[in-house]
Amino acid sequence: MRATHDMARSEPKEFGQLTVADIMEPDVQCGHPSTTAEVLGSLMIEGFGGVPIVDEKRKLLGIVTEFDLLAALERANKLGDLKAQEIMTTEVVRVSPQTDLRTLMYVLQTNHLIRVPVVDQEGTLIGIVARRDVVRGYLSATP
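In this text, all values refer to a predicted model and were calculated from it rather than measured experimentally. (Residues numbered from 1 in each chain as written. Predicted model: local features only at pLDDT ≥ 70, side-chain atom pairs only at ≥ 80, totals over all residues. Heavy atoms only, no water.)

(A) Main features of the overall build of the chain. When its secondary structure is counted, the chain shows six helices and four strands. In terms of overall size, the chain behaves like a compact globule, its C-alpha atoms giving a radius of gyration of 16 Å where 143 residues would be expected to give roughly 15 Å. Each principal axis of the C-alpha atoms in the chain carries an extent, and together these give about 50 × 30 × 25 Å. Residues classed as buried in the chain amount to 45% of the 143 residues present. Partitioning the contacts of the chain with sequence separation of at least 6, the portion at a separation of at least 24 is 53%. (Helix = DSSP H or I, 4+ residues; strand = E, 2+ residues; numbered from the N terminus. Rg over C-alpha atoms; globule rule 2.2 N^0.38 Å. Buried < 20%, exposed > 50% of the residue type's maximum accessible area, 1.4 Å probe, protein only. Contact = heavy atoms within 4.5 Å.)

Pasting the structure below:
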């Protein structure tokens, strides 16, 4: 993840005042339902450990995680033969940019997640936020 967070461009805030919008990564590599599992694996290695799957308007349809790829590898010899729509998780935990960090931490911990997609009110993907972004936010916040 690159450090392109809003905190670097805005007034410093206390940790308790931060929201997902302050710490999320807006530049997210996405896949589409027809993207092959092999391509998704390459995207994971280059960036995030989960690739959101979106439609042509960036509406979030699902996510393919490292766990999904491992399961696909167990049942297929070639990841290039599998499409995202066949292996993606469709019940995706997601947050809004207005979510406060305490709530985000609760969501991450109770669901045992590393990262979650960030969507707007229409369900359009606008970013991704990870546990390390919370730590980064804490370290960058004013005391």
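Alright, that's what it looks like, and here's the rest.
(B) The packing of aromatic side chains, seen in detail. Here the structure, examined in full by the defined rule, presents one aromatic pair. Measuring from ring centre to ring centre gives 5.6 Å for Phe-15 and Tyr-138, while their planes differ by 80°; the resulting arrangement is edge-to-face. Taken together, the residues span a long stretch of sequence, with Phe-15 in the segment before helix H1 (20-23) and Tyr-138 in helix H6 (residues 131-140) at a distance of 123 residues. Assessed through its relative accessible area of 12%, Phe-15 is described here as buried. (Phe/Tyr/Trp six-rings, centres within 6.5 Å; stacked < 30°, edge-to-face > 60°.)

(C) How the structure looks around the pattern of salt bridges. Evaluation of the coordinates by the stated rule reveals two salt bridges. A salt bridge links Asp-22 to Lys-13; its shortest N-O distance comes to 3.1 Å. Since its relative accessible area comes to 7%, Asp-22 is described here as buried. By relative accessible area, which is 27% here, Lys-13 ends up partly exposed. The salt bridge involving Arg-136 is made with Asp-133; its shortest N-O contact spans 2.8 Å. Of this pair, Arg-136 and Asp-133 both sit in helix H6, separated by three residues, roughly a single helical turn. (Salt bridge = Lys/Arg side-chain N within 4 Å of Asp/Glu carboxyl O.)

(D) Here's a closer look at helix H5 (residues 101-110). Turning to H5, its buried residues number three or more, namely Leu-101, Leu-104, Val-107 and Leu-108. Buried residues of H5, viewed axially, fall in a sector of 115°; they line one side. Among the exposed residues of H5, those oriented more than 90 degrees off its buried face are Arg-102, Tyr-106 and Gln-109. Looking at the buried residues of H5, the elements they touch are H1, strand S3 (115-119), strand S4 (125-130) and H6. The opening residue of H5 is Asp-100, an N-cap whose side-chain oxygen sits 3.1 Å from the backbone nitrogen of Arg-102. His-112 sits one or two positions beyond H5 and adopts a positive phi of about 55°. (Arc of directions from axis to C-beta. Polar contact = N/O pair within 3.5 Å; in protein donor to acceptor, adjacent residues only side chain to side chain.)

(E) Broad picture of helix H3 (residues 66-75). When we look at burial in H3, the residues that qualify are Asp-68, Leu-69 and Ala-72. The buried residues of H3 occupy an angular sector of 95° when the element is viewed end-on, so they sit on one face. Turned more than 90 degrees away from the buried face of H3, the exposed residues are Phe-67, Leu-70 and Glu-74. In the core, the buried residues of H3 are packed alongside helix H2 (37-46), strand S2 (60-65) and helix H4 (84-87).

(F) Structural detail: the confidence of the model for the chain. Scored by pLDDT, the chain has a mean of 90; 92% of the residues are at 70 or more. For the chain, per-element mean pLDDT is lowest for H3, which scores 91, and highest for S2, which scores 97. Under a pLDDT of 50 for its full length, residues 1-8 has, in the predicted model, 26 contacts with residues more than four places off or in other chains. (pLDDT = per-residue confidence, 0-100.)

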